[in-house]
Each structure stands twice: as C-alpha cells, then as structure tokens.
Amino acid sequence: MKKNILCIGAGYVGGPTMAMIALKCPDRRITVVDINAARIAAWNSSELPIYEPGLDEVVAQCRGRNLFFSTDVEKGIVESDIIFVSVNTPTKTFGRGAGCAADLQYWEQTARQIRRCAKSDKIVVEKSTLPVRTATAMTRILSAERTEVHFEVLSNPEFLAEGTAIEDLRHPDRVLVGGGDTPEGRAAVAELVDIYAAWVPRERILTTNVWSSELSKLTANAFLAQRVSSINAISELCEATGADVDEVSRAIGMDSRIGPKFIKAGVGFGGSCFKKDILNLVYLCETYGLTQAAAYWRGVVAFNDHQQERFVSRILRAMFNTVAGKRVALFGFAFKADTGDTRESPAIAIARMLCEERASVVVTDPKALPAVARDLADCADRVTVEPDPYKAAEGADCIAVTTDWKVFRDLDYDRIYASMRKPAFLFDGRNLLDREALFKTGFNVYSVGRSPLTHLD
Ligand code: NAD
Ligand code: UGA
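The rules we used
Residues numbered from 1 in each chain as written. Chains lettered and ligands numbered in written order. Predicted model: local features only at pLDDT ≥ 70, side-chain atom pairs only at ≥ 80, totals over all residues. Near = placed C-beta within 6 Å. Helix = DSSP H or I, 4+ residues; strand = E, 2+ residues; numbered from the N terminus. Nonpolar A, V, L, I, M, F, W, Y, C, P; charged D, E, K, R; others polar. Buried ≥ 20, exposed ≤ 12 C-beta atoms within 10 Å, placed from the backbone. Pairing = 2+ DSSP bridges. Right-handed = clockwise from strand over helix to strand, strands pointing away. Core = buried A, V, L, I, M, F, W, Y, C linked by C-beta atoms within 7 Å. Contact = placed C-beta atoms within 7 Å. Axes fitted to C-alpha atoms, helices over the stretch in contact; angles between N-to-C directions. Parallel < 35°, antiparallel > 145°, perpendicular 65-115°, else oblique. Left-handed = near helix turned anticlockwise from the far one by under 90°. Domains from an automatic or database assignment. Expected span 1.5 Å × (residues − 1).

K.L.:
Sorry, what's going on with the site of ligand 1 here?
P.N.:
Near ligand 1 lie 27 residues; those nearest to it are Gly-9, Gly-11, Tyr-12, Ser-128 and Thr-129. Here the element with the most residues in the shell around ligand 1 is helix H5 (residues 105-117); it accounts for three residues. Across the shell around ligand 1, the residue classes break down as 11 nonpolar, 12 polar and four charged.

K.L.:
Help me out: how do you make sense of the site of ligand 2 in this one?
P.N.:
Near ligand 2 you find 21 residues, and of these Ala-161, Lys-264, Phe-269, Gly-271 and Cys-273 are the closest. Per element, the largest residue contribution to the shell around ligand 2 is three residues, and it comes from helix H9 (residues 210-241).

K.L.:
Hey, could you run me through the pairing of strand S7 (residues 175-178) in this one?
P.N.:
Every other side chain in a regular strand lies on the same face of the sheet, so the side chains alternate between the two faces. Of the two faces of S7, the one holding Val-175 and Val-177 and the one holding Leu-176 and Gly-178 are both buried throughout. Inspection of the sheet shows S7 paired to strand S8 (residues 205-208) by four bridges, in the parallel sense. Each residue of the ladder has a partner; that of Leu-176, found in S8, is Leu-206. Note on the crossover from S7 through helix H8 (residues 183-196) to S8: the handedness is right-handed.

K.L.:
Please clarify how the nonpolar core should be interpreted in this entry.
P.N.:
It is characteristic of soluble globular proteins that their nonpolar side chains tend to be buried jointly. If you look at the biggest cluster of nonpolar residues, it comprises 57 residues, and the most contacted ones within it are Ala-19, Ala-22, Ile-83, Val-124 and Val-125. In terms of residues, this core owes the most to one element, helix H1 (residues 14-24), which gives six residues. Filtering out sequence-adjacent residues up to four positions away, Val-124 remains in contact with Ile-83, Val-85, Ile-114, Met-138, Leu-142, Phe-151 and Val-153.

K.L.:
Would you take a moment to explain the packing of H9 against helix H10 (residues 245-253) for this structure?
P.N.:
Packed helices, taken two at a time, are described by the angle their axes make and the gap between the axes. Contact geometry for H9 and H10: axes closest at 9 Å, N-to-C directions at 135 degrees. Between H9 and H10, the crossing angle belongs to the class labelled oblique. Relative to H10, H9 is oriented so that their crossing is right-handed. Between H9 and H10, the contacting residues are Ile-231, Ile-234, Ser-235 and Cys-238 on the first element and Val-245, Val-248 and Ser-249 on the second.

K.L.:
For this particular structure, what's the right way to read the domain arrangement of the protein chain?
P.N.:
Many descriptions give the size of an interface as the accessible area lost when the pieces come together. Annotation of the protein chain at the domain level lists domain 1 (5-208) and domain 2 (209-457). The C-alpha centroid of domain 2 is placed 32 Å from the C-alpha centroid of domain 1. Each side of the interface is counted separately: domain 1 has 30 residues, and domain 2 has 27 residues. Going through the elements one at a time, helix H6 (134-143) and S7 are the ones with two or more residues in the side of domain 1 that touches domain 2. The biggest single contributor to the side of domain 1 that touches domain 2 is S7, with three residues.

K.L.:
Quick question: what am I supposed to make of the environment of Ala-102 here?
P.N.:
Among the secondary structure elements, Ala-102 is positioned in the loop between strand S4 (82-85) and H5. Separated by 11 residues in the primary sequence, Ala-102 and Thr-91 have C-alpha atoms spaced 4.6 Å apart. Setting aside residues no more than four positions away along its own chain, Ala-102 makes contact with Thr-89, Thr-91, Lys-92, Leu-130, Pro-131 and Asn-280.

K.L.:
Explain H9 to me, please; I cannot follow it from the model alone.
P.N.:
Three- or four-residue spacings in an α-helix give side chains the same orientation, since the helix completes a turn every 3.6 residues. With 32 residues, H9 extends 47 Å from end C-alpha to end C-alpha; this agrees with the ideal 46 Å at 1.5 Å per step. Where H9 terminates, the next one or two residues include Gly-242, which has phi positive at roughly 95 degrees.

K.L.:
I would appreciate a short explanation of the pairing of strand S6 (residues 151-155) in the present structure.
P.N.:
Most of S6 is tucked away, with five of its five residues classed as buried. The alternating pattern of S6 places Phe-151, Val-153 and Ser-155 on one face and Glu-152 and Leu-154 on the opposite face, and all of these are buried. Across five bridges, the pairing between strand S5 (residues 122-126) and S6 is parallel. Counterpart to Val-125 in the pairing with S6 is Leu-154.

K.L.:
Would you mind showing me how to read the packing of H9 against helix H11 (residues 274-287) here?
P.N.:
It is the contact of H9 with H11, at a shortest axis distance of 9 Å, that shows an interaxial angle of 115 degrees. When the axes of H9 and H11 are compared, the crossing they make is left-handed. For the pair H9 and H11, the contacting residues are Leu-218, Asn-221, Ala-222 and Ala-225 in the first and Phe-274, Asp-277, Ile-278, Asn-280 and Leu-281 in the second. The class makeup of the residues in the contact of H9 with H11 is six nonpolar, two polar and one charged.

K.L.:
I'm lost on unusual backbone geometry in this one. Help?
P.N.:
Omega for the peptide link from Lys-422 to Pro-423 comes to 0 degrees, which places this bond in the cis form. Locating Pro-423 in the fold gives a position in the loop between helix H17 (413-419) and strand S13 (425-428).

K.L.:
I'm lost on the sheet that holds strand S11 (residues 383-385) in this one. Help?
P.N.:
Within the open sheet, the six strands sit side by side as S11-S10-S9-S12-S13-S14. Their pairing is parallel. Where the open sheet ends on each side, the last strands, each with one partner, are S11 and strand S14 (444-447). Sheet twist, expressed as the average angle between the axes of neighbouring strands with direction ignored, equals 20 degrees. Relative to strand S10 (residues 360-364), strand S9 (residues 327-331) is paired through five bridges, and the arrangement is parallel. For Leu-330, the partnering residue across the bridge sits in S10 and is Val-363.

Here it is, written out as structure tokens:
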C-alpha cells in the first residue's frame, strides 16, 4: 500500500504541486487542506482559486480520483503518512526583524497542529520557503512532549514560477530533497525521492543535507533577482548613453557562462517571493554578523525600488513635468504575464506614485483586475478598472505597459492612437511592443534602457 500524502496550504504552490503529484502517481491518495474555506471551495469548483495555464486540465483529471481538497486539517493529519507543509511565510511586519525576517507564525501553528493530531509516524516535508535551520525548530516542536510518534523532517523547496507552474512541475530543472544523515533520515529521503521519480529523471533529483536544501532555495531566488537588478542597473546607463539594453542583453546572454534567461530589463521584479526571500537572506546574514553580505543583497532590493521610481520619473519628465489631471492607461496589473497574482507587482507601486502626482489611472489586465480595489484601496478615488484595453486608452494622455501580457502586443495601436489625447505617449516598461512601429503611428515612445523615439523636438 502506497503511503497517503497530505499537503497543508492550498495556495499557489500547494495546489499545483499536489495536482502534479496526483497526476503522475495515480496509485497515491493526496489530500490538500487549508483553513481558508473559500479557497478550498474554489479548488472544488470549476473556477479554481488561481489562474495558471494548464492547471484546470490537470485538476480535472485527478480531482475526486486521487486528489481531494478539504478544510478538515485534523482528519488529514491523522490519515496521512507524508505531510507537505506549504503555508505562507511572508515578511514579518512587527517586532524584531520587522520588514526583513520571515514571519513563521503560520508555519509554527502547522507544526504544533501536526504534533497534536498525529497518531502514527510521519514524514514532514518543508515545502514552504524557510530560513536556513528552520528544520531544527520544526523537529524540536514536533518532538516536544511526545515520544511515541516519530517525525522525520525533510526540506523539499519548490522552484516553480507562476505562469509556467505546470510546465515547471512537469519538467523541473531539478528536485531538491534535504534530509538527515541517520537511518530514519535516509529512509525518509528515499520515500520522497520515490514519489518524484515517477516522472522526474533520477539524475535531476538532488539529495543534500537539510541546511543546504533550505539555503539553496533562498540562494536561487536571490541569484535570479540579482540578475534582474543587474540588467536594470545597466538599463539606466543605457538610457544615459544611447546604448540599447535589449541589444546588450542579447550580446551578454550568448555567453554560455551568463546565459539568456533573467536578463530582461523592465519595471523591476515583483511577485510574492523575490523581495521577501532576499530580505530573509539579509536578515540571516545580519543575524550571523555578516554586515557586508547583508548590504550586498539589500542592494538588489534597493535597486528594484529605484527602477520603479525612475520609471515614473521618466513619465513625469517626458510629459512636461506633470501628470496632474491626465489620464494614464496602465496596461497590466499582474506581476508578470499569465498569472492573476499581483503580490508585490511593480504596477501597484507605479500606480500609487502616479496617483500621488494626481493622475487619473485606468487599469486594464486580462486576469488581475479583481485585485485592483484591494491593492490600491488607499488611492481608490483616482483609480478605475477597464477590462477592454481599447476603452482604457480612450482619451488617455499616455499608456504605461507594466505587465508583459501577449495580448497587449497584439492590439491595433493605430486605432488606440487615434482615440488618445495628443501628444500621445507610450511608456513600455517591459520592452514588449514594436517601438519603431508605434513611433511611426505617432506615439512618443519610451522603452526601458533605450533612447526615446519622440516627435517633440
Ligand atoms: P499562498 O498564500 O498562496 O498559500 C498559502 C496557504 O496556506 C493559504 O491558502 C493559507 O490559508 C494556508 N495556511 C496558512 N496557515 C495555515 C494553517 N495553519 N493550516 C492550513 N492552511 C494554512 O502561498 P504560496 O504562494 O503558495 O507560497 C507558499 C510557500 O511556498 C511560501 O513559503 C513561498 O515562499 C513558497 N513558494 C512560493 C512560490 C510561488 O510561486 N508562489 C514558489 C516557490 C515557493
Ligand atoms: C520566482 C522564481 O523564478 C521561481 O523559481 C521561484 O520558485 C519563485 O520565484 C518563488 O520562490 O516564489 P515567480 O516570482 O513566480 O518565480 O516569477 P519569475 O518568472 O521569477 O518572475 C519574477 C519577477 O521578475 C516578475 O515580475 C518578472 O516580470 C520579473 N523578471 C523576470 C524580469 O523583470 N526580467 C527577467 O528577465 C525575468
């Protein structure tokens, strides 16, 4: 009999990851639980709580067969042998380490609940991104008071990116499993490896000690974000010198030591994890007294904030130093294409800065509009939403592209230009559009890291 799997936390990671395991391991029973009843109800409906290309099909194949969603966390713990913990670990907003350290309260509540409810031995798998050495704390919590039940803690961080989660899960670059170097630890690692081996080639499944696994996750995100900040820093220099950042990216990306990915300049990185995980790394460095290492990584986040600010400064400068009373059409609210997720989306900060300048901001996005009222509640009087990009641009003084949705590339910009106030400006924060064509249409075009194309001299 194959062991039952439970996942605590039915979010962007727990839901898709468990759906993929259910798809590839039809002989295993997998339950995903969450305290958020609305989220579980959505997982059990035809309107899944997250938008992710390909996810609907995978869930449709497995749900009710060997994949179940429930709010009964206790029952789930009792009936399972392997428990993935995939709860949120946001940046702490209070007390020591506020604004930097990871807030581990949800994670600790889960550990305590597992200890309270478990009646048999469990393998507990850290799926959430956690500070290095968290597994020690987890083991301590799990082994406090009781001795008859054995808990073996593993680290198995997730590397999927939103928008491509299903593809990433289907063909991961690697799966990382960290475990203890004891007979029980090695046996637990083998159990987890066995699950992934159902579809991931063995040579792509790495096993390490727990600390290396925990730290590798933070390091991977820090490196990816650092590449984005590095190219964005070059984009600023390109704007000052007349170089073209996309040409520079292409040139350096062909160096096999650098590679072509994560060197696309833009409005800065967003998403729930890059900023949070780097700040977590900064906090860890500070905790160990490594002030220079902390400052190095903090710089990656600081530059990201700067990139967003300077995108707005450029809009202001180009539009005669004022956007007060002007209509700005914001093309994109999600933090990247192919997701409805807006956590830490650059569009939020950019919209807020434009509102502070008293612009009237019209937001259009194929998937993320439901989040606008919540994310921009503090400037609601200046913000409207419009699902149709053509209508959003009607009467606007400028368009600011803040998300790289393909649909924005395929619009009829002649028609859009004709409906806008003149002079019409287009600020392409993702270098998504054909700027020469837009310029010919009549737009004054400002892409990131390139000289502007304007009719205003
Ligand atoms: P999320 O906020 O979408 O989901 C977390 C879920 O956990 C929520 O639905 C919440 O209700 C639930 N939860 C919290 N406490 C609970 C409890 N005590 N019992 C039951 N459920 C509880 O978060 P996410 O984006 O899925 O991220 C989860 C973890 O995975 C984080 O540590 C994150 O850093 C990491 N991660 C995220 C991504 C990503 O692309 N979003 C990728 C890799 C790793
Ligand atoms: C990122 C990592 O890519 C995943 O491996 C990791 O699992 C995940 O964080 C996590 O831990 O949460 P995600 O944030 O979903 O995934 O999306 P990315 O594709 O990494 O994009 C992050 C941000 O960087 C987006 O705002 C994107 O537009 C921006 N970006 C990315 C650029 O500006 N330029 C690039 O070249 C690449």
